[in-house]
Amino acid sequence: MFDTCLEHVRASVPLVHNITNYVTVNDVANAILACGGRPIMSDEPEDVMDITAICSGLNINIGTLNAQTIQGMKLAGGKARALGHPILLDPVGAGASRLRTKTAVELMAQCHPDVIRGNISEIKALAVDSSSTRGVDADAADAVTEDNLSEMVQFAKDFAAHAGCIVAITGAIDLVSDGKQCYVIRNGRPEMGRITGTGCMLSGIATAYLSANRDNACEAVAAAVSMMGLAGEIGYAALQPGEGNASYRNRIIDAVYNMDGETLRKDAKYDMR
Amino acid sequence: MFDTCLEHVRASVPLVHNITNYVTVNDVANAILACGGRPIMSDEPEDVMDITAICSGLNINIGTLNAQTIQGMKLAGGKARALGHPILLDPVGAGASRLRTKTAVELMAQCHPDVIRGNISEIKALAVDSSSTRGVDADAADAVTEDNLSEMVQFAKDFAAHAGCIVAITGAIDLVSDGKQCYVIRNGRPEMGRITGTGCMLSGIATAYLSANRDNACEAVAAAVSMMGLAGEIGYAALQPGEGNASYRNRIIDAVYNMDGETLRKDAKYDMR
Amino acid sequence: MFDTCLEHVRASVPLVHNITNYVTVNDVANAILACGGRPIMSDEPEDVMDITAICSGLNINIGTLNAQTIQGMKLAGGKARALGHPILLDPVGAGASRLRTKTAVELMAQCHPDVIRGNISEIKALAVDSSSTRGVDADAADAVTEDNLSEMVQFAKDFAAHAGCIVAITGAIDLVSDGKQCYVIRNGRPEMGRITGTGCMLSGIATAYLSANRDNACEAVAAAVSMMGLAGEIGYAALQPGEGNASYRNRIIDAVYNMDGETLRKDAKYDMR
C-alpha cells in the first residue's frame with residue numbers, strides 16, 4: 001500500500017546522499033525533508049565514498065554534470081553498490097548531448113542503479129541511444145498518451161527487463177515498471193512542467209522511499225510518483241489569485257510536508273498493467 | 001510594441017542555454033519558465049557545445065565563474081556565434097576583481113555578445129577597465145539619476161556603438177541602447193535590490209526575448225527590462241503584512257508568470273532618447 | 001545589547017564574502033540581504049583574494065567542498081586574515097567524512113577563524129577528531145539538553161579557549177562562548193530542522209553581524225543566533241493552514257527582513273553562564 005511506503009519513510013528518516021545539479025538542489029533537499037527523509041549533498045571524488053557509507057540510499061542526477069562530479073558519481077555509485085544501498089539514476093538531458101547520454105549509459109553499466117527515473121525522451125535515449133530529445137523536457141512527439149498507452153507500457157516493461165532495474169517514466173501519465181508489472185499513474189497537473197525541478201524533487205523523494213522500503217522497491221517508487229503528483233494537485237488547488245510558478249513550487253513542497261497516508265491512499269490514481 | 005515581444009516568447013517557447021552562477025540559478029530557471037521560455041543549464045566544456053546547438057539563445061553570467069566554467073563559456077559562446085544564436089553577457093562583478101573584468105572583456109572580444117546587461121558600475125568597468133565597483137551591486141557614486149541622465153544616455157549610446165552590441169544598464173532608471181537610440185525605462189521598485197538575483201533573472205528573461213524576437217533585438221531587450229520592473233511593481237503591491245524579501249522574490253516571478261501583453265503595454269513606463 | 005548589534009548591521013551594510021555550499025547559497029544571500037548586509041559569492045582560487053579584499057568579512061562553509069573550492073577557502077582565509085577581516089567557519093559535516101574533518105581542521109590552523117559555528121556533532125568532531133556524527137545533522141546522542149547543560153557549557157568554553165576563537169554551537173539550546181563567558185540562548189523552533197539551510201543562513205548573518213560589530217564580537221554572534229531563532233518563532237506563528245517547510249523557509253527570511261531592535265531586545269531569550 002502506498003500509505004505504508006510513506007509511513008516507512010516517516011518512521012525511518014532515511015539519510016539520502018545526493019549528487020545532483022545545482023539548479024534545483026535546494027528544492028531537492030527541502031523535498032526530501034518534506035517527505036520525511038534527510039538529505040546530504042557531496043560530489044567531490046575524495047568525499048563521496050565516506051558520505052555514501054553513512055547514508056541509506058544514493059540519488060545520482062546528471063543535470064549539471066562536469067568532469068569532477070562524473071568521477072564522484074562513479075565512485076559513490078560503486079561504493080553504494082558494494083554496500084548494498086539502493087541507487088536511483090536521473091539521466092537529465094540524456095539524448096540532448098553526447099556527454100549526458102554517454103555518462104548515463106556508463107553509470108548504468110558500472111553502478112547498476114535500482115531505479116532509473118526520467119521523462120520519456122531521456123529513457124528512449126538510453127534505450128536506443130538516439131532520440132529526438134530537445135533539452136531537458138520531453139519532446140511532445142514522445143509523450144505517453146491514452147492512444148499509445150499499451151505500446152508505452154510494453155516499452156517500459158521491456159526497458160526495465162533489459163536494464164535489470166525499475167524504470168519510472170514520468171509525464172502526463174506516469175509509468176513505473178520492474179519488467180513484469182507496470183503501474184500506470186494519473187496524478188499530477190500539467191502546470192508542474194512550468195516549474196523547474198519537479199522531476200529532480202521526485203528523484204530525491206523516490207530515493208528516500210526506496211531506502212525505507214527495501215523489500216518493496218517497485219511499489220515504493222510508484223508510491224513516490226503518485227505522492228508527488230498528488231502534491232501537485234493539492235498545491236495547485238491552494239494557489240491564491242496572482243500566484244504563479246514560484247509560489248506553486250513552494251506549495252508543492254508544502255503539500256509533501258503535510259501529506260498523510262490516508263490522503264495518499266484515498267487520492268492516488270493508478271492501475272496496474 | 002513590448003506586448004508583441006512578450007507574445008512572441010509565449011508563442012515560440014524558446015529554449016535558452018544558461019551558463020550562470022549557482023547563487024541565483026534556480027530563480028533564473030523559474031523566471032525563464034515564467035515568461036514563457038524553457039531553460040537548460042550546462043557549463044562543462046565537454047557538454048556545452050552540444051547543448052547550445054539545440055537551443056535558441058545563450059545567457060552567459062559570470063557571477064560564480066571558475067576556471068572550468070570560463071572555458072565552458074568561451075566554447076559555448078563560440079558555438080552560439082557560429083550558429084547565429086543570440087548571446088547575452090551578464091558581467092557580474094566586473095570591476096570587482098581582475099578575473100571578472102578580464103573574463104568579461106575576453107568574452108566580449110571572442111564571442112561578440114548581442115547584448116551586455118549589467119549595472120552601471122559593471123558597464124563602466126568594461127568601458128574604462130577601471131571602476132569604483134564595490135561588490136556585485138552598483139556603487140552609489142555611479143548611479144543613473146535624473147540629474148545625470150543626459151550624460152548617462154550618451155554613455156550608454158557610446159558604449160553600445162563602440163562595443164557593437166546592445167547595452168542594458170539597469171538600476172533605478174534603466175537604459176537600453178543599440179548605439180543609436182536609447183530607451184529610458186522607469187519601471188521597478190527600489191526594494192528589488194534587497195533580493196538576490198533580480199538582475200540575473202532579467203538576463204535570463206532577456207535572452208528568451210532575444211531568441212523569440214530576432215528581427216527586433218533592441219526593443220525586445222527593452223521590453224524584457226520593462227516587464228521585469230513591472231513585475232517588481234506588481235509583486236510589491238501583492239506583499240502581505242509580515243512578508244519580506246523571500247516572499248517578494250516569489251511574488252516577482254509569479255507576476256512574470258501572470259504578465260499579459262495588455263498590462264505590459266499599459267503600464268510600461270519609458271521614453272526614447 | 002542585541003538590538004544595537006542589529007542596528008550596526010543596518011547602518012553599515014557590510015559586504016560579506018561567502019564561500020558556501022550550492023545547496024543553500026540562495027537562502028544565505030537573501031538572509032544576508034534581509035538582515036541588512038550585502039552578499040558576494042566567489043570560490044575560484046584566482047578570484048577570491050580580490051573579492052575578499054573589497055569585503056568586510058568572510059564566511060567559509062564546507063557543505064559542498066571540492067578540491068578547487070578548498071583551495072579558494074584557504075587563499076581567501078589567508079587574505080582576510082592578513083587584512084584583519086573577521087572570518088567565520090561553518091564546518092558542515094565535520095565528522096561525517098575524513099575530507100570534511102581534515103579541511104575544517106586545516107582551515108582552523110591556517111586561517112584562525114574568529115568564529116566557528118556548527119551543530120554539536122560537528123564541534124565535537126573538531127574537538128576530539130572523532131564523533132558519532134551522522135550526516136549534516138547533529139546526532140541525537142550529542143544534543144545539548146537541560147540535563148547536560150552545565151557540562152556542555154563547560155565544553156563550549158573549553159573548546160573556545162583551546163581554539164582561540166568564539167564558538168557557536170546551535171541546536172535546541174544554543175551556546176555561544178569566547179572561552180570565558182557563555183551565552184545560553186533558547187530562541188527557535190524544532191521545525192527549523194525540517195528546512196535545509198537554517199544553519200547556513202545563520203552563518204551568513206553572523207558574519208554580517210561580526211563585520212559590523214568589530215569591538216563586540218561575542219555579543220554580536222549571540223545576537224545573530226538569537227535573532228535567527230526569533231525569526232524562526234515569528235515565521236512559525238505566521239504559517240497558514242496547508243503551509244509546510246518551503247513556505248516556512250520564506251517566512252523565516254521575511255521575519256529577518258522585518259526584524260527591529262525593539263522586538264529583538266524584548267523577545268531574545270538567553271542567560272549568561
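Parameters and conventions
Residues numbered from 1 in each chain as written. Chains lettered and ligands numbered in written order. Predicted model: local features only at pLDDT ≥ 70, side-chain atom pairs only at ≥ 80, totals over all residues. Helix = DSSP H or I, 4+ residues; strand = E, 2+ residues; numbered from the N terminus. Rg over C-alpha atoms; globule rule 2.2 N^0.38 Å. Contact = placed C-beta atoms within 7 Å. Nonpolar A, V, L, I, M, F, W, Y, C, P; charged D, E, K, R; others polar. Core = buried A, V, L, I, M, F, W, Y, C linked by C-beta atoms within 7 Å. Buried ≥ 20, exposed ≤ 12 C-beta atoms within 10 Å, placed from the backbone. Expected span 1.5 Å × (residues − 1). Arc of directions from axis to C-beta. Pairing = 2+ DSSP bridges. Axes fitted to C-alpha atoms, helices over the stretch in contact; angles between N-to-C directions. Least-squares fit on C-alpha atoms with pLDDT ≥ 70 in both. pLDDT = per-residue confidence, 0-100. Parallel < 35°, antiparallel > 145°, perpendicular 65-115°, else oblique. Left-handed = near helix turned anticlockwise from the far one by under 90°. Right-handed = clockwise from strand over helix to strand, strands pointing away.

### Notes on the overall build of chain A
Counting secondary structure elements, chain A contains 11 helices and 9 strands. Against the compact-globule benchmark of 19 Å for 273 residues, chain A has a radius of gyration of 17 Å, which places it among compact chains. In terms of principal-axis extent, the alpha carbons of chain A reach across some 45 × 40 × 40 Å. Long-range pairs, those at least 24 residues apart, make up 72% of the contacts in chain A with a sequence separation of at least 6.

### Side note on the interface of chain B and chain A
The interface is formed by 27 residues belonging to chain B together with 29 residues belonging to chain A. Broken down by secondary-structure element, the contributors of at least two residues to the side of chain B that touches chain A are helix H2 (25-35), strand S2 (38-41), helix H3 (45-53) and helix H10 (245-257) of chain B. When residues in the side of chain B that touches chain A are grouped by element, the largest group, 6 residues, is from H2(B). Residue classes in the side of chain B that touches chain A are distributed as 14 nonpolar, 6 polar and 7 charged.

### Points about the interface of chain B and chain C
Taken together, the contact between chain B and chain C spans 30 residues of the former and 27 residues of the latter. Contributions of two or more residues to the side of chain B that touches chain C are made by H2, helix H5 (98-111) and H10 of chain B. Here the side of chain B that touches chain C takes 5 residues from H10(B), the largest share from any one element. Partitioned by chemical class, the residues of the side of chain B that touches chain C number 9 nonpolar, 13 polar and 8 charged.

### A short note on the nonpolar core
With 303 residues, the main nonpolar core has A:Tyr209, A:Val221, B:Tyr209, B:Val221, C:Tyr209 and C:Val221 as its most contacted residues. If we skip the residues at most four places from it in the chain, A:Tyr209 touches A:Cys5, A:Val9, A:Ala220, A:Val221, A:Ala223 and A:Ala224.

### Examining unusual backbone geometry
A positive phi angle, near 45°, is found at A:Val13, a position not held by glycine. Positionally, A:Val13 belongs in the loop between helix H1 (2-12) and strand S1 (15-19). The partly exposed category is assigned to A:Val13, around which 15 C-beta atoms lie within 10 Å. Its identity is not glycine, yet C:His112 carries a phi of approximately 45°, on the positive side. A residue is classified by how many C-beta atoms lie within 10 Å of it, and C:His112, with 16 of them, is partly exposed.

### Remarks on helix H7 (residues 149-163) of chain B
Residue and element names in this part refer to chain B. A rise of 1.5 Å per residue sets the reference length of H7, with its 15 residues, at 21 Å; its end C-alpha atoms lie 21 Å apart and thus fit the reference within 8%. Looking at H7, one finds that the buried residues are Met152, Val153, Phe155, Ala156, Phe159 and Ala160. The buried residues of H7 occupy one face: seen down the axis, they fall within an arc of 155°. Opposite its buried face, H7 presents the exposed residues Ser150, Glu151 and His162, each directed more than 90 degrees away.

### Here we look at the sheet that holds strand S5 (residues 115-118) of chain A
All names here are of chain A. The 9 strands are arranged S2-S1-S3-S4-S5-S6-S7-S8-S9 in an open sheet whose pairing can be described as mixed. A strand with exactly one partner marks an edge of an open sheet, and here the two such strands are strand S2 (38-41) and strand S9 (270-272). On average, adjacent strands in this sheet sit at an angle of 20° to one another, irrespective of strand direction. Across 4 bridges, the pairing between S1 and S2 is parallel. Directly across from Val16, in S2, lies its bridge partner Pro39.

### A few points about the relation of the copies chain B and chain A
With an RMSD of 0.0 Å, the fit of chain B onto chain A corresponds to turning through 120° and sliding 0.0 Å along the axis. Both copies of the chain, as the preceding transformation shows, are related through a three-fold rotation axis. Identified as the residue of chain B closest to the rotation axis by C-alpha distance is B:Tyr22, at 3.6 Å. Of the residues that chain B buries at the interface, just 11% are likewise interface residues in chain A, meaning the two copies contact each other through different surfaces.

### Here's the deal with the environment of A:Ala172
Residues and elements named next belong to chain A. Examined against the element boundaries, Ala172 turns out to sit in the loop between strand S6 (166-169) and strand S7 (174-177). The spatial distance from the C-alpha of Ala172 to the C-alpha of Thr101 is 23 Å, given a sequence separation of 71 residues. In this structure, Ala172 is in contact with Ala143, Val144 and Pro190, ignoring residues within four places of it in sequence.

### Thoughts on the confidence of the model for chain A
Of the residues in chain A, 96% reach a pLDDT of 70 or more, and the chain-wide mean stands at 95. Confidence estimates for the predicted assembly give a pTM of 0.96 and an ipTM of 0.95.

### As for the packing of helix H4 (residues 67-83) of chain A against helix H5 (residues 98-111) of chain A
Residues and elements named next belong to chain A. It is at 9 Å that the axes of H4 and H5 come closest, and there the two elements cross at 20°. When the interaxial angle is binned, H4 and H5 end up roughly parallel. In the crossing of H4 with H5, the sense of the turn from one axis to the other is right-handed. The residues of H5 that touch H4, namely those facing Ile70, Met73, Lys74, Gly77, Gly78 and Arg81, are Thr103, Leu107, Gln110 and Cys111. In the contact of H4 with H5, the residues fall into 4 nonpolar, 4 polar and 2 charged.

### Quick word on the pairing of strand S8 (residues 182-185) of chain B
Residue and element names in this part refer to chain B. Residues Cys182 and Val184 line one face of S8 and the alternating positions Tyr183 and Ile185 line the opposite face, and both faces are buried. Inspection of the sheet shows strand S7 (residues 174-177) paired to S8 by 4 bridges, in the antiparallel sense. Each bridged residue has a counterpart across the sheet, and for Asp174 the counterpart in S8 is Ile185. Count of turn residues in the S7/S8 antiparallel hairpin: 4 residues, of which Gly179 carries a positive phi of about 105°. Two strands pair when backbone bridges link them, and S8 and strand S9 (residues 270-272) are joined in this way by 3 bridges, in the antiparallel orientation. Bridged to Val184 within S9 is Asp271.

### Comments concerning the pairing of strand S4 (residues 87-90) of chain C
All names here are of chain C. Burial of S4 is two-sided: the residues Ile87 and Leu89 facing one way and the residues Leu88 and Asp90 facing the other way are all buried. Sheet topology note: the strand S3 (residues 57-61)/S4 ladder contains 4 bridges and is parallel. Looking at S4, one finds that Leu58 is bridged to Ile87. Taking the sense of rotation as the criterion, the β-α-β connection linking S3, helix H4 (residues 67-83) and S4 turns out right-handed. In the sheet, S4 pairs with strand S5 (residues 115-118) via 2 bridges, with the strands oriented parallel. Bridge pairing in S5 places Leu89 opposite Ile116.

### Topic: the sheet that holds strand S6 (residues 166-169) of chain B
All names here are of chain B. The 9 strands lie next to each other as S2-S1-S3-S4-S5-S6-S7-S8-S9, forming an open sheet whose pairing is mixed. Looking at which strands have only one partner, the edges of the open sheet turn out to be S2 and S9. Taken pair by pair, the neighbouring strands of this sheet meet at an average axis angle of 20°, ignoring direction.

### As for the relation of the copies chain B and chain C
Superposing chain B onto chain C requires a rotation of 120° together with a translation of 0.0 Å along the rotation axis, leaving an RMSD of 0.0 Å. Different-surface contact between copies: only 10% of interface residues of chain B are shared with the interface of chain C.

### With respect to helix H9 (residues 217-237) of chain C
End to end, H9(C) covers 30 Å across 21 residues, agreeing with the expected 30 Å (1.5 Å per residue, within 8%). Among the 21 residues that make up H9(C), 16 are buried, leaving the element largely enclosed by the rest of the structure.

### A look at the packing of helix H8 (residues 198-212) of chain B against helix H9 (residues 217-238) of chain B
All names here are of chain B. Their axes nearest at 9 Å, the elements H8 and H9 cross at an angle of 140°. The crossing of H8 and H9 is right-handed. Touching Met201, Leu202, Ile205, Ala206, Tyr209 and Leu210 of H8 are Ala217, Ala220, Val221, Ala223, Ala224, Val225 and Met228, all from H9. Considered class by class, the residues forming the contact of H8 with H9 number 13 nonpolar, no polar and no charged.

### Focus: the environment of C:Gln181
In this structure, C:Gln181 sits in the loop between strand S7 (174-177) and strand S8 (182-185). Sequence separation between C:Gln181 and C:Ala96 is 85 residues; the distance between their C-alpha atoms is 29 Å.

### Some words on the environment of B:Asn30
With respect to the element layout, B:Asn30 can be found in helix H2. A tally of 31 C-beta atoms within 10 Å means that B:Asn30 is categorised as buried. Residues B:Asn30 and B:Lys266, spaced 236 residues apart in sequence, show a C-alpha to C-alpha distance of 25 Å. Here B:Asn30 is in contact with A:Ile195, A:Thr196, A:Asn245, A:Ala246, A:Arg249 and B:Ile253, once residues within four sequence places are set aside.

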